[in-house]
Amino acid sequence: HVTAIHSDWMAQGKANGAVILITDVTQERQAERMRSEFVANASHELKTPITSIGGFAELLAAGVVKDPDKVQDYLVRIKNETQRMALLIEDILKLASIENSEQNEQSFEPVDLKEVIEEVIENIQPQITARNVTVTADAQDVVIHAVPDDMEALVQNLLDNAVKYNHDGGSVTVKLEKQGGKVCFSVADTGIGIRYEDQPRIFERFYRVDKGRSRKVGGTGLGLSIVKHVVSKYGGEIFLKSIDGKGTAISVTIPL
Ligand code: ADP
């Protein structure tokens with residue numbers, strides 16, 4: 001049937017129309033494949049904590065665990081896994097909302113980036129203190145027309161990683177400046193660094209360099225893909241420089 005329509009179009013010299021139609025379908029399929037890949041990954045990531053919560057809850061409910069220390073241990077594990085799941089859901093929703101707000105302009109407003117940086121540093125103060133990390137910020141006054149949540153997610157994820165993947169007693173340097181018609185925001189750390197072969201992959205959804213270690217420090221594997229999404233939404237660029245074992249610097253430029 002399709003062939004019949006196609007040859008009819010060809011006969012009328014409208015073959016281009018058919019080509020456009022095919023391209024459309026291909027793009028649609030690709031988007032569909034990415035969507036289902038994401039759903040599969042997200043389901044897998046959510047299933048792990050659910051299985052673990054279910055298992056511990058079942059043991060406790062059966063009343064077979066008598067040792068109070070064990071009971072306490074299982075409850076803490078249930079609490080931790082619940083927190084992990086909550087963070088995952090938050091990040092998944094965040095990714096979806098960044099994609100959605102690309103279509104509607106109404107939530108854009110002037111955002112003071114220096115203020116955002118100060119707020120985020122305050123928010124992650126407990127982690128900073130726990131790791132004994134020194135954070136130095138050198139920020140110019142820069143106001144950007146943006147969705148406030150997007151800018152907060154961008155700064156939060158980069159700073160959070162710089163502290164998380166640092167050594168105890170390490171340092172983080174944050175810089176915000178105007179360069180021509182762009183704003184440049186950079187976060188450099190003296191942490192564990194990222195091997196050259198892993199560098200292109202860390203912006204992929206759910207990708208983590210070292211699953212075991214990343215799980216221990218917490219996180220969802222979605223932080224940098226949120227950063228990538230925000231930056232591409234504002235037509236900006238990301239630069240990554242990292243030396244394994246020495247540290248990482250990620251800079252983002254966004255046109256003002
Ligand atoms: P996560 O929630 O695991 O931190 P991200 O998407 O934010 O997820 O980062 C993906 C991975 O990239 C991390 O698991 C970590 O292995 C690596 N990574 C990110 N930022 C840094 C950094 N500043 N230093 C070293 N490794 C990093």
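Residues numbered from 1 in each chain as written. Predicted model: local features only at pLDDT ≥ 70, side-chain atom pairs only at ≥ 80, totals over all residues. Heavy atoms only, no water.

## A few points about the overall build of the chain
Stage number 1. Looking only at helices and strands, the chain features eight helices and seven strands.
Stage number 2. Of all intrachain contacts in the chain linking residues separated by at least 6 positions in sequence, the fraction that spans at least 24 positions is 71%. (Helix = DSSP H or I, 4+ residues; strand = E, 2+ residues; numbered from the N terminus. Contact = heavy atoms within 4.5 Å.)

## Looking at the site of the ligand
Stage number 1. If you check the shell around the ligand, you find 19 residues, and the closest are Tyr165, Asp189, Thr220, Gly221 and Leu224.
Stage number 2. At a separation of 2.8 Å, an oxygen atom of the ligand approaches a polar backbone atom of Thr220.
Stage number 3. Protein contact buries 96% of the 530 Å² of open area that the ligand shows by itself.
Stage number 4. Among the cavities detected, the one that contains the ligand is the largest pocket. (Near = heavy atom within 4 Å. Polar contact = N/O pair within 3.5 Å; in protein donor to acceptor, adjacent residues only side chain to side chain. Areas by Shrake-Rupley, 256 points an atom, 1.4 Å probe, with all protein chains shown as cover. 1 Å grid on protein atoms, 1.4 Å probe; cavity = no way out; pocket = protein on both sides within 12 Å on 5 of 7 lines; lining within 4 Å. Sits in = over half its atoms within 2 Å of the grid points.)

## Brief notes about unusual backbone geometry
Stage number 1. Residue Asn132 is not a glycine yet carries a positive backbone phi of 55°.
Stage number 2. With respect to the helices and strands, the residue Asn132 is situated in the loop between helix 5 (125–131) and strand 2 (134–139).

## Some thoughts on empty space enclosed by the protein
Stage number 1. Applying the stated criterion to the full structure yields one cavity of 30 Å³ or more.
Stage number 2. Volume-wise, the largest cavity comes out at about 70 Å³.
Stage number 3. Forming the walls of the largest cavity are Leu113, Ile117, Leu154, Val155, Leu176, Val183, Cys184, Phe185, Val252 and Ile254.
Stage number 4. Contributing elements (two or more residues each) for the lining of the largest cavity: helix 4 (113–123), helix 6 (148–164), strand 5 (182–189) and strand 7 (247–255).
Stage number 5. For the lining of the largest cavity, the element with the highest residue contribution is strand 5, accounting for three residues.
Stage number 6. Looking at the lining of the largest cavity residue by residue, the class counts come to 10 nonpolar, no polar and no charged. (Points joined across faces, edges and corners; volume = space filled by probe spheres on them. Nonpolar A, V, L, I, M, F, W, Y, C, P; charged D, E, K, R; others polar.)

## Quick notes on the layout of surface pockets
Stage number 1. By volume, the largest pocket amounts to about 1000 Å³.
Stage number 2. Asn157, Asp160, Asn161, Lys164 and Tyr165 are, among the 41 residues lining the largest pocket, the residues nearest its centre.
Stage number 3. Counting residues per element, the ones that place at least two in the lining of the largest pocket are helix 3 (68–101), helix 6, strand 5, helix 7 (211–217), helix 8 (223–233) and strand 7.
Stage number 4. Grouping the amino acids of the lining of the largest pocket by side-chain chemistry returns 15 nonpolar, 12 polar and 14 charged.
Stage number 5. In this structure, the second largest pocket occupies an estimated 490 Å³ of space.
Stage number 6. As for the second largest pocket, its lining consists of 16 residues, of which Met34, Phe38, Glu99, Arg205 and His229 are closest to the centre.
Stage number 7. Secondary-structure elements contributing two or more residues to the lining of the second largest pocket are helix 2 (15–62), helix 3 and helix 8.
Stage number 8. It is helix 2 that contributes the most residues to the lining of the second largest pocket, six residues altogether.

## Structural notes on the sheet that holds strand 2
Stage number 1. Judged by pairing direction, the sheet is mixed, and its five strands sit side by side in the order 2-4-5-7-6 without closing on themselves. The strands lining the two open edges of the sheet, one partner per strand, are strand 2 and strand 6 (237–243). The mean angle between the axes of side-by-side strands here comes to 10°, regardless of whether they run parallel or antiparallel.
Stage number 2. Each of strand 6 and strand 7 is contacted by helix 8, which is oriented at about 145° to strand 6, the strand it contacts most. (Pairing = 2+ DSSP bridges. Axes fitted to C-alpha atoms, helices over the stretch in contact; angles between N-to-C directions.)

## As for the packing of aromatic side chains
Stage number 1. Taken as a whole and assessed by the stated rule, the structure comprises three aromatic pairs.
Stage number 2. Ring plane angle 20° and centroid distance 5.9 Å describe the contact between Phe38 and Phe206, whose orientation is recorded as stacked. You can see Phe38 sitting in helix 2 and its partner Phe206 sitting in the loop between strand 5 and helix 7, a full 168 residues away along the chain.
Stage number 3. Residue classification places Phe206 among the buried positions, given a relative accessible area of 6%.
Stage number 4. Plain terms: the ring middles of Phe108 and Tyr234 are 5.9 Å apart, the flat faces sit at 45° to each other, and that makes the pair tilted. You can see Phe108 sitting in the loop between helix 3 and strand 1 (109–112) and its partner Tyr234 sitting in the loop between helix 8 and strand 6, a full 126 residues away along the chain. No difference in accessibility class separates Phe108 from Tyr234, as the two residues are buried. (Phe/Tyr/Trp six-rings, centres within 6.5 Å; stacked < 30°, edge-to-face > 60°. Buried < 20%, exposed > 50% of the residue type's maximum accessible area, 1.4 Å probe, protein only.)

## A word on helix 4
Stage number 1. Turning to helix 4, its buried residues are Leu113, Val116, Ile117, Val120 and Ile121. Viewed end-on, helix 4 has its buried residues packed into an arc of 130°, placing them on one side of the element.
Stage number 2. A distance of 3.1 Å separates the backbone nitrogen of Lys114 from a side-chain oxygen at the start of helix 4, and that oxygen is part of Asp112. (Arc of directions from axis to C-beta.)

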